[in-house]
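Residues per chain, in single letters:
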Amino acid sequence: MGDSVMTVIAIFLSAVLMFVFPLMSTADRSDDISQQAVQTATTEFVDSIRSTGKITMDKYESFYETIAATGNSFDVEMRVQVLDENSNKKTTQVASAKVGENYSFSEFTTQITEQMNKEGAYKLKEGDIVSVTVRNTNKTISQILKNFMYKVTGNGNYNIAAQHSGIVNVNGR
């Protein structure tokens, strides 16, 4: 009786070692490749915005298609910190030659896409800061397997994420 129980346990362990762990490893590698592709696409998207000074709907859709080609769904958040027009306004303090602080205000994804839909492009000026954050919204196979095996990942976790930001170099206006 003891030998048959040990045989069943040995068969079960060998099945786990032969199938589940290689599957988990392959799924992790797939997520790594998707992560690298999304990071590269995000960097290229932000750098093209920085060098042209504008975000067009064609450029945004092309970026989204590139990251969606990984087979995952994503939440893309854009943020532009617009440098105030009067950023070098002199202060009214005793030292009248002193230059004031730079002020900026932020516009987010919905405001940016609304302007792209109205005008065809969201135009930036030199000194504005653009930031793009991408996170997957679906559960990848790796996350599902880790949930099954370890019970470590939660609903709010994401495996594939990328962020890039930079200062705009040219006037798009």
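Here's a quick rundown of the structure. (Residues numbered from 1 in each chain as written. Predicted model: local features only at pLDDT ≥ 70, side-chain atom pairs only at ≥ 80, totals over all residues. Heavy atoms only, no water.)

Note on placement: Gly-71 falls in the loop between α2 (57-68) and β2 (74-83). Separated by 69 residues in the primary sequence, Gly-71 and Thr-140 have C-alpha atoms spaced 9.2 Å apart. (Helix = DSSP H or I, 4+ residues; strand = E, 2+ residues; numbered from the N terminus.)

It is worth spelling out a nonpolar patch on the surface at this point. Side chains of Val-5, Met-6, Ile-9, Phe-12 and Leu-13 sit close together on the surface and give an oily, nonpolar patch of about 500 Å² of accessible area. Tracing the backbone shows Phe-12 in helix α1 (residues 2-52). (Patch = residues over 30% accessible without salt bridge, like charges linked within 9 Å, V, L, I, M, F, W, Y side chains within 5 Å. Areas by Shrake-Rupley, 256 points an atom, 1.4 Å probe, with all protein chains shown as cover. Salt bridge = Lys/Arg side-chain N within 4 Å of Asp/Glu carboxyl O.)

Within soluble globular proteins, side chains that are nonpolar tend to cluster in buried spots. One finds Ile-55 and Met-78 to be the most contacted residues of the largest nonpolar core, which totals 25 residues. Looking at this core, the elements that each hand over two or more residues are α1, α2, β2, α3 (109-119) and β5 (129-136). When residues no more than four places from it in sequence are discounted, the contact partners of Ile-55 are Phe-45, Ile-49, Met-78, Ile-112, Met-116, Ala-121, Tyr-122 and Leu-124. (Core = buried A, V, L, I, M, F, W, Y, C linked by side-chain atoms within 4.5 Å. Buried < 20%, exposed > 50% of the residue type's maximum accessible area, 1.4 Å probe, protein only. Contact = heavy atoms within 4.5 Å.)

Here the focus is the pattern of salt bridges. Taken as a whole, this structure holds 4 salt bridges when the rule is applied. We note a salt bridge from Asp-47 to Arg-50, for which the minimum N-O separation is 3.2 Å. With Asp-47 and Arg-50 both in helix α1 and 3 residues apart, this pair spans about one turn of that helix. Exposure remark for Arg-50: the relative accessible area of 22% places this residue in the partly exposed category. Between Lys-125 and Asp-128 there is a salt bridge whose closest N-O contact spans 3.5 Å. The exposure classification of Lys-125 matches that of Asp-128, with both residues buried.

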